[in-house]
Every structure is written in C-alpha cells, then in structure tokens.
Amino acid sequence: MQPSALQIVALVLMLALAAPACNPSPSTSAPDTAAAGESRGSQQQLAQRLLANATIVDGTGQPGFVGDVGIADGRIVGIGPSGSVATEPEAAVEDLQGLVLTPGFIDIHNHSDRAIVRQPQAEALLSQGLTTIAVGADGGSPWPIGAYLEEVDAARPALNVAVTVGHGTVRRRVMGDDSSREATTAEVLAMTELVRQGMAEGAFGLSSGLEYDPGRFSSTEELIALARAAGESGGYYISHMRDEELYVMEAIDEVIRIGREARLPVQISHIKMGDATAWGRSAEALERIHAARDEGLDITADWYPYAAYATTLALLVPSRRFDDADQVAAGLEVRGGAHRVQVTRYAADPSVEGLRLDEIAARYGKTPVETYTQIMKNGGGRMICHSMQLEDVNAFAVDPLVMVCSDGGIGSSHPRGAGTFPRVLAHYVREEGILDLETAVHKMTRMPADRLGLEHRGRIEIGAVADLVAFDPQTVQDNSTFEEPELPATGIERVWVAGELVWNAGQPTGARPGRALRGR
Ligand SMILES: [Zn+2]
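Residues numbered from 1 in each chain as written. Predicted model: local features only at pLDDT ≥ 70, side-chain atom pairs only at ≥ 80, totals over all residues. Heavy atoms only, no water.

Can you walk me through the packing of aromatic side chains in this structure?
Aromatic ring pairs are described here by two measures, namely the spacing of the ring centres and the angle between the planes. Under the definition given, this model contains five aromatic pairs. Here Phe105 and Phe471 contribute two aromatic rings whose centre-to-centre distance is 6.3 Å and whose plane-to-plane angle is 50 degrees, an arrangement assigned as tilted. On the criterion of sequence distance, the pair formed by Phe105 in strand 6 (residues 105–107) and Phe471 in strand 18 (residues 468–471) is long-range, its members being 366 residues apart. For Phe105, a relative accessible area of 0% puts it in the buried group. Measuring from centroid to centroid gives 5.2 Å for Trp303 and Tyr428, while their planes differ by 85 degrees, and the two rings are edge-to-face. Separated by 125 residues along the polypeptide, Trp303 in strand 13 (residues 299–303) and Tyr428 in helix 14 (residues 416–431) bring together distant segments of the chain. When sorted by exposure, Trp303 lands in the same class as Tyr428, which is buried. (Phe/Tyr/Trp six-rings, centres within 6.5 Å; stacked < 30°, edge-to-face > 60°. Helix = DSSP H or I, 4+ residues; strand = E, 2+ residues; numbered from the N terminus. Buried < 20%, exposed > 50% of the residue type's maximum accessible area, 1.4 Å probe, protein only.)

This is the structure we're talking about:
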C-alpha cells in the first residue's frame, strides 16, 4: 500500500472528525487498546517529519506498539499505528522498522559540568542515547548558576543541560577555607540566600555530597534550611548521602527527615550497599524508602548498573587519618581486600593507574596499607572500588522508586560514563531479563523527567519536545570496561534533540540544538 494514500486517508479522516457537524464523542480508549489505524491523541498539526514503523515505547511503562511518530517545529504532533499520522506533502519519512523508538534518555546525575562546555558535541553522551543531562551533582556545582547556564547556551551543546545548586559549593562560598566545621546561624542564612539565588537563576534543586569536604561537616539542620529554600521554588533535594556502608540506614533516615521537614521531593543518589558492612541490606533500605513514600513523602532514588563505584581514595578512611595503619587496614578489609581497590588516578605516579592496590604494593615492594598511606601523602587520587554485591545492585534495579543514572560523564574513568544507558538495555533487559524493556525505558526517561519537573520531555506524547532515540534492541551494547572505560557504546542508531537528528549510525551529525534548561 502506498504510504501517501494512507496519509491522505488519515488527513481526510482527521478533517472529518474535526468538523463540528459530525463531531463524535471523544475517544476514551486507553493508549494500549487503541484500534488499528487510530491515532493516539488528537493531531492538530501536520508532521514535517515522520519516524515510521518503529516499535514505540513511550516512557510511561505501557507496552510498546508498532507505529509512527510525526514531528513538526521540534515537537511531537502525531502518534499512532503505521500510516495513521497525517503529514505535510513534502514531509521527510524515516523508516525505523526493527528499531525501538523511545524518548531520549535523561541522566539525572552526570558529571560533565565543565566538559559539556569544552566538548559540546558530547559523543560519549549521544552514543548512549542521552538527550538531557543534569549536572551539579554530589554537592559540587558551577557558580554562579545563571552565568553557567549562559555559558552552556553559548557553547551550543548537542543535548540539553540542567543543573542543581551544590551544597558544598555555596558552603565554600560563605565559609571559605574555614569550612571544616559546623556553620553558624548567620552562615546558614547566607548559604540559604545563595541557594535562593541559584534557584532564581535556573537551577532545578539542591545537591549534597555528605561524604565529601565540606559537605560532611554540615548538620542536618543546615541541610534542612537550604533544602527548604530550594523547595520554595519547586526544586528537589538530591543527595550523595553521608554514608553508604555501615551507617547507610541512618543516612537514608537523614534524607527522609530533610524531605519531611523541608517539605520538598528528595532523591537518594546512586543508591548502593557499598561494602561488607552493608551487604545484603538492600531490602531493608528499600523498606525504609517505601515506608516514607507511603507516608506521603515524594522520595525516589537513582542507580547505575555496575557493582563497583568510583570516588576519591580518601573515602577508604572515614576519619581521614591516612597514616593510621589499623584504620587503613580496616578500610581495605570491609571492601573485601586490596584487590577490590583499583587506583584510576594518581598524579604522582601515573604508571600505576588502572592497577589494583595489591598489584601496586607488589610493584613498590610494600604492603597494601603502606602503599595506600604513601599514595595519600603524595596527593591522593581516585579509585574504583569493586565492593558491591550483585544481589543488592539488582534489588535496586527492579524497585519502582529507582531510576537510572550514570554518575559519570565525558572522560569518566569508570565505564558507567560511556556505558550506563546501553548497558541497562543490553544486560538488564536483553541478556538477563531483570527488567522488561518498557520498565527500563521508563526508568531512563519519564521518571527522571518527572523528578526534574520537565513536563514536555521524557515522554512520547502529543505536544512533547521531540527528544527521541532509536536503537536496535538486539544489538545495543555497552563496550566500556574497567580497563577501557571510554569505549563508546554501539547500537544506538539515531538520536534527535528537539526534532533535529544529532546522532546517526554511530556518528554525530554535527547538529547541536541542545540548550540550557531552566527550572521553574
Ligand atoms: Zn556521588
């Protein structure tokens, strides 16, 4: 059958339905029970571009269906079974048969704050199907927020960028070098003003990093005061919690308390059971979160699909007494031993980067404890800690309150930076069947969009911005590894931002229609 004939039929049908004389009662059928040939939602505008014959997974979690999506002026104007979307006569038609078409992926926790300005083409992000990233995570953000967002716009990135105000950032601005202590009332007030300013300039919320300096010196009351300021203008609070190991339950309780008392939505960043002291407690953590949810708190979490985390080597010793051999030994033991600690950055001796701590110790002719102390004396570095258990990682994966994040970004030394989103589709959906496709897509699109308050992104519906991705579910694959963390993913066939094709068959098109998003 000629597509053009079908389009004419659809157009005639649409015009007939729009005529007042024969206006039937509005369709009440749910999207997944729409009759063949029926468009989903009423089409007001003819499509200038048609993405045809794709398996459409719309981000809601509803079952996918084969059909067409029509785009005009950067927005989705028509959705329906193949041939049902009315197009302009000269409309461009792209046949996506065999591909899955979903909303563009949204990374709610990304560390490309500066990199996106320097590398606006962002191939590492486009190759994963990302169309929006949120930066300013873990308590550290660019500042001032308004100037940063202007910089992002001036750089014309390929995808969209949202930002949160970093708690540590405003704390440093107010307290300067004297930030290793509790803040005074006056200082908290001054920080609160900065959070208000950041929110007014376009931030989406407040982030904290309470295992890091200077966030770890803050009281819960300080965080409540600042979170309240973020909540006043519709923002959320997102936290790298005070503890992800022995005291992880207490840390979750603190997030819940902040949400309750500051009256704003809260999100736990990269939820994990970080070492042996927390292994097996994922069910208990989720129970706490669900109980708070049941009491009315808008609480969610995010997660990345790896059993290893990346952070500063300093976190091995909570007291920061790096030359205390007993404490270093204890820090290594709870993580399962020196072999679980992979040093990824060590400026004083880059030749050992990528090696495990026991391998470095052997090379230096020292014990792992001595080696760690020496590294910290020489300026420290970063590590990947292979100290999570798959049972916990997977328990978080399937929980309905947990969405996907990368916690990585351009140039990340952890494979999550280049692999997270395709890995969910390849490993968690196709290979292991831990998540079904619709649920996985929901966790990568609509859930983060809802958390950010992006009403017109993260979904395929009429009127939504046409941020979209098409991938082959049989071949989509993350390729980044702990040894080669920046290897790009494959199988993400096309990515559109505001209706413009930015990624095609494994290459950027050069189009950079992304922009800085500004919060409510
Ligand atoms: Zn973090």
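Honestly, the sheet that holds strand 13 in this entry has me stumped. Any pointers?
Across the sheet, which stays open at both edges, the six strands sit in the order 9-10-11-12-13-17 with parallel pairing between neighbours. The sheet is open, and its two borders are formed by strand 9 (165–166) and strand 17 (402–404), each paired with just one other strand. Of the strand pairs in this sheet, strand 13 and strand 17 are connected by three bridges, and their pairing is parallel. Within the sheet, the bridge partner assigned to Asp302 lies in strand 17 and is Met403. Packing of helix 8 (residues 248–262) onto the sheet brings it into contact with strand 11 (236–240), strand 12 (266–268) and strand 13, and relative to strand 12 it is tilted by some 165 degrees. (Pairing = 2+ DSSP bridges. Contact = heavy atoms within 4.5 Å. Axes fitted to C-alpha atoms, helices over the stretch in contact; angles between N-to-C directions.)

Got a minute to help me understand the coordination of the zinc ion in this structure?
Each pair of donors in an ideal octahedron of six around a metal sits at 90 or 180 degrees, and each pair in an ideal tetrahedron of four sits at 109.5 degrees. Each protein donor to the zinc ion is listed here as Asp138 (OD), Asp138 (OD), His240 (ND1) and His270 (NE2); together their distances run 2.1 to 2.6 Å. Spacing between the donor residues of the zinc ion along their common chain follows D-x101-H-x29-H. With Asp138 in the loop between strand 7 (130–135) and helix 4 (145–155) and His240 in strand 11, this residue pair connects regions lying 102 residues apart in the sequence. Summarising the burial analysis for this pair, Asp138 and His240 share the class buried. (Donors = N, O, S within 2.8 Å, 3.2 Å for Na, K, Ca; no water.)

What exactly am I supposed to notice about the pairing of strand 16 (residues 382–385) here?
In this structure, strand 14 (residues 309–312) lies alongside strand 16, joined through four bridges in antiparallel fashion. Residue pairing for strand 16: Ala310 is matched across the bridge by Ile384. Where strand 15 (residues 341–345) meets strand 16, four bridges bridge the pair, whose relative direction is antiparallel. Within the sheet, the bridge partner assigned to Val341 lies in strand 16 and is Cys385.

Any chance you could explain the side chain of Gln267 here in plain terms?
Tracing the chain through its elements places Gln267 in strand 12. Judged by its relative accessible area of 0%, Gln267 falls in the buried class. What Gln267 contacts, discounting residues up to four positions off in sequence, is Ile108, Tyr237, Ile238, Ser239, Thr300, Ala301, Asp302, Met403 and Arg451.

How should unusual backbone geometry be read in this particular structure?
Glycine aside, the phi torsion of most residues is negative, and most peptide linkages are trans. Of the consecutive residues Trp143 and Pro144, the connecting peptide bond is found in the cis state with omega at -5 degrees. Residue placement: Pro144 occurs in the loop between strand 7 and helix 4. The amide bond that connects Asp213 to the next residue, Pro214, takes the cis arrangement and shows omega of -5 degrees. Structurally, Pro214 can be placed in the loop between strand 10 (205–209) and helix 7 (220–232). If you check the backbone angles, Ala498 has positive phi at about 50 degrees while not being a glycine.

Is there a simple way to explain the packing of helix 14 against helix 15 (residues 437–444) in this structure?
When two helices pack together, their arrangement is given by the angle between the helix axes and by the axis-to-axis distance. Relative to each other, helix 14 and helix 15 sit at 160 degrees, their axes nearing to 10 Å. The pairing of helix 14 with helix 15 is recorded here as roughly antiparallel in orientation. Along this stretch, helix 14 crosses helix 15, giving a crossing that reads as right-handed. Of the residues in helix 15, those in contact with Phe421, Val424, Leu425 and Val429 of helix 14 are Leu437, Ala440 and Met444. Classifying every residue of the contact of helix 14 with helix 15 by side-chain character gives seven nonpolar, no polar and no charged. (Parallel < 35°, antiparallel > 145°, perpendicular 65-115°, else oblique. Left-handed = near helix turned anticlockwise from the far one by under 90°. Nonpolar A, V, L, I, M, F, W, Y, C, P; charged D, E, K, R; others polar.)

Is there a simple way to explain the packing of helix 6 (residues 185–200) against helix 7 in this structure?
Helix 7 packs onto helix 6 with a crossing angle of 25 degrees between their chain directions and a minimal axis gap of 9 Å. By the angle between their axes, helix 6 is roughly parallel relative to helix 7. Seen from above, helix 6 lies across helix 7 with right-handed handedness. Counted together, Val188, Met191, Thr192, Val195, Arg196 and Met199 of helix 6 and Glu222, Ala225, Leu226, Ala229, Ala230 and Glu232 of helix 7 form the full contact between these two elements. A breakdown of the residues in the contact of helix 6 with helix 7 according to their chemical character gives eight nonpolar, one polar and three charged.

I tried to follow the sheet that holds strand 6 on my own but got confused; where do I start?
Within a sheet, adjacent strands bond to each other through the backbone by hydrogen bonds, running parallel or antiparallel. Taken together, the three strands give an open sheet; going across it, the order is 6-7-8, and neighbouring strands pair in parallel fashion. Each of the sheet's edge strands pairs with one partner strand only, and the pair in question is strand 6 and strand 8 (160–163). In this sheet, adjacent strand axes meet at a mean angle of 15 degrees when their direction is disregarded. Relative to strand 7, strand 6 is paired through three bridges, and the arrangement is parallel. Looking at the pairing, Ile106 lines up with Thr132 of strand 7. Packed on one face of the sheet, helix 4 meets strand 7 and strand 8 and runs near 170 degrees to strand 8.

When you look at the pairing of strand 1 (residues 47–56) in this model, what are you seeing that I'm missing?
Each regular strand carries side chains that alternate between the two faces of the sheet. Relative to strand 4 (residues 87–95), strand 1 runs parallel, the two being bridged by five bridges. Counterpart to Leu51 in the pairing with strand 4 is Glu94. As judged from the two bridges shared by strand 1 and strand 5 (residues 100–103), these two strands associate in the parallel manner. Counted as the bridge partner of Ile56 is Leu101 from strand 5.

Just to check I follow, could you spell out helix 12 (residues 368–377) for this structure?
Residue pairs three or four apart in sequence face the same way in an α-helix, which turns once every 3.6 residues. Of the positions making up helix 12, those classed as buried are Val369, Thr371, Tyr372, Thr373, Ile375 and Met376. Against helix 10 (325–334), strand 15 and helix 11 (357–364) lie the buried residues of helix 12. Looking one or two places after helix 12, you find Gly379, whose phi comes out positive at around 105 degrees.

Is there a simple way to explain the pattern of salt bridges in this structure?
Oppositely charged side chains can form a pair if their charged atoms are brought close together. A complete count under the given rule lists 26 salt bridges for this structure. We note a salt bridge from Arg171 to Glu222, for which the minimum N-O separation is 2.8 Å. One end of the pair, Arg171, is in helix 5 (residues 167–175); the other, Glu222, is in helix 7, with 51 residues separating them in the sequence. Summarising the burial analysis for this pair, Arg171 and Glu222 share the class buried. Of the charged contacts, one joins Arg457 and Asp467 as a salt bridge, the two residues approaching to 2.7 Å between their closest N and O atoms. Of this pair, Arg457 sits in the loop between helix 16 (446–452) and strand 18 while Asp467 is found in the loop between helix 16 and strand 18, placing the two residues ten residues apart along the sequence. Summarising the burial analysis for this pair, Arg457 and Asp467 share the class buried. A cluster of three or more residues bridged by salt bridges with shared partners is formed by Asp253, Arg281, Glu284 and Arg288. (Salt bridge = Lys/Arg side-chain N within 4 Å of Asp/Glu carboxyl O.)

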